[in-house]
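Letter by letter, the chains look like this.
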Amino acid sequence: QLVESGGGLVQPGGSLRLTCAASGITFGASTMGWFRQAPGKGRDFVALISNTDGAQHYVDSVKGRFTISRDDAKKTVSLQMNSLRPEDTAVYYCAATFKSFADSESSYTYWGQGTQVTVSS
C-alpha cells in the first residue's frame, strides 16, 4: 500500500513537499516514482529514484525545481517541489516497481490514491 500526503493549494513560486509512505512491499528493492495527472490529461512521469544506487531521473519540465528522495528505514519517498508553476497543477501519484529504471506508467505495479496539488494565485 502506498499513501501520499502533503498536497494542497500554493501560490506560483511557492513550494510543497509530498511524501509517500509504503507498507506491504519490499521497499528497499523498489524503484519509487512520482507521476501526475492534470485535468483532462493522461498520467505523466515526473521523477524516479532507483532501487539500486539511488540514481534520480526527472522529466525535463521539473529539472532544477523538484527533488526526489527516499528513506529506506522509514519506507518513505518524498518529492520536494520548489518554484511551482500553474502548469504543475495535477493529482500527484506515488508508484513502485521492481525495475531499476522505469519512466512509463505501465512499468509500475503499485500505486497510491493520489494527492491534489493546485498552483494558483
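Right above here is the structure, for reference.
Residues numbered from 1 in each chain as written. Predicted model: local features only at pLDDT ≥ 70, side-chain atom pairs only at ≥ 80, totals over all residues. Heavy atoms only, no water.

A. Here's a closer look at the environment of G64. Structurally, the position occupied by G64 is in the loop between β6 (56-58) and β7 (66-71). Given the relative accessible area of 82%, G64 is considered exposed. For the pair G64 and V91, spaced 27 residues apart in the sequence, the C-alpha separation amounts to 21 Å. (Helix = DSSP H or I, 4+ residues; strand = E, 2+ residues; numbered from the N terminus. Buried < 20%, exposed > 50% of the residue type's maximum accessible area, 1.4 Å probe, protein only.)

B. Region of the structure containing the state of the cysteines. Under the definition given, this model contains one disulfide. Each sulfur of the disulfide joining C20 and C94 lies 2.1 Å from the other. Here the S-S torsion is close to -75 degrees, and the disulfide linking C20 with C94 is therefore left-handed. Of this pair, C20 sits in strand β3 (residues 16-22) while C94 sits in strand β9 (residues 90-97); the two residues are 74 residues apart in sequence, bridging distant segments of the chain. For C20, a relative accessible area of 0% gives the class buried. (Disulfide = S-S within 2.5 Å.)

C. Examining the packing of aromatic side chains more closely. In this structure the tally under the stated criterion is six aromatic pairs. With a centroid separation of 5.1 Å and an interplanar angle of 80 degrees, the aromatic rings of F35 and Y108 are classed as edge-to-face. Taken together, the positions of F35 in strand β4 (residues 31-37) and Y108 in the loop between β9 and β10 (110-111) put the pair 73 residues apart, joining distant regions of the chain. Just as F35 is buried, Y108 falls in that class too. Here the aromatic rings of F98 and Y110 are separated by 6.3 Å at their centres, their planes lie at 80 degrees, and the arrangement is edge-to-face. (Phe/Tyr/Trp six-rings, centres within 6.5 Å; stacked < 30°, edge-to-face > 60°.)

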